[in-house]
Amino acid sequence: SAVISQKPSRDICQRGTSLTIQCQVDSQVTMMFWYRQQPGQSLTLIATANQGSEATYESGFVIDKFPISRPNLTFSTLTVSNMSPEDSSIYLCSDQGLDYNEQFFGPGTRLTVL
Amino acid sequence: GQNIDQPTEMTATEGAIVQINCTYQTSGFNGLFWYQQHAGEAPTFLSYNVLDGLEEKGRFSSFLSRSKGYSYLLLKELQMKDSASYLCAVRDLSGTYKYIFGTGTRLKVLA
């Protein structure tokens, strides 16, 4: 199974600033995903990070607010831009296993916006 | 539209069996996944069904009926450590490749 790390694990940020979250996988993976999980809620997909092309965003999420990079097959970043308290959440990256029948998650980044 | 429903909360006793149901309506279907998530931790993969029937993995089993848009996760010989949220997710290939998560079921196991 893939091992996924995220940095930072948590942060407290001021309104109007931006935070970039890094996601590193210990093996090359085709698909990486970014999710948001608000307190007590399930996971909501923000976007699929595609290597070599722009990310594919879900309804309600836009590139200007959540720019994503995927420079290679083991690494991706998600930036939360111009933050407001409503962006306070846990952000998780995940990848799809080689046999496409599993999905592994990073430990998450707990973001609090004041 | 896309809709995946689970009960919000369930309570069961240590040693018992509990069944967590999941119903789904999605544009496309390419597999149903169950995850366990302890408070403050990331989800961990439990099971995958793409064909109808029961998949057994130790104390956990998962069932799928594609015609009914229905799955369940069966947990046997419950232990206190099974207290967690259980998330059902559908892989949908009809548009962009993605996983759609249900609302999650918080399971509390009592001594």
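It should be noted that the structure appears before, not after, this text.
Below you will find a few notes about this structure. (Residues numbered from 1 in each chain as written. Chains lettered and ligands numbered in written order. Predicted model: local features only at pLDDT ≥ 70, side-chain atom pairs only at ≥ 80, totals over all residues. Heavy atoms only, no water.)

**Brief notes about the state of the cysteines**
Applicable threshold: Criterion for a disulfide: a pair of cysteine sulfur atoms within 2.5 Å. Labels follow the DSSP assignment, with helices taken as runs of H or I lasting at least four residues and strands as runs of E lasting at least two, numbered in each case from the N terminus. Buried means the residue's accessible area, taken with a 1.4 Å probe over protein chains only, is under 20% of the maximum for its type, while exposed means over 50%, and partly exposed covers the values in between.
Scanning all chains against the criterion turns up 2 disulfides over all chains. The side chain of Cys 23 of chain A participates in a disulfide bridge whose partner is Cys 93 of chain A; the two sulfur atoms lie 1.9 Å from each other. Because the torsion about its S-S bond is 75°, the bridge between Cys 23 of chain A and Cys 93 of chain A counts as right-handed. Within this pair, whereas Cys 23 of chain A is found in strand E3 (residues 19–25), its partner Cys 93 of chain A is found in strand E9 (residues 89–96), the two being separated by 70 residues in sequence. You'll find Cys 23 of chain A and Cys 93 of chain A in the same group, each marked buried. Here Cys 22 of chain B connects covalently by a disulfide to Cys 88 of chain B, the sulfurs 1.9 Å from one another. Taking the sign of the S-S torsion, -60° for the link of Cys 22 of chain B and Cys 88 of chain B, the bridge is left-handed.

**Digging into the side chain of Ser 89 of chain A**
Residues and elements named next belong to chain A. Here is the rule: Whether two residues are in contact is decided by their heavy atoms, any of which lying within 4.5 Å being enough.
Its place among the elements puts Ser 89 in strand E9. Judged by relative accessible area, Ser 89 falls into the buried class, the value being 4%. For Ser 89, the contacting residues outside a window of four places in its chain are Arg 36, Gln 37, Gln 38, Thr 109, Arg 110 and Leu 111.

**A word on the pairing of strand E7 (residues 68–72) of chain A**
All names here are of chain A. Quick reminder of the rule: When DSSP finds two or more bridges between a pair of strands, those strands are recorded as paired.
With 3 bridges joining them, E7 and strand E8 (residues 75–80) adopt antiparallel strand pairing. Considered in E8, the bridge of Asn 72 is made with Phe 75. Count of turn residues in the E7/E8 antiparallel hairpin: 2 residues.

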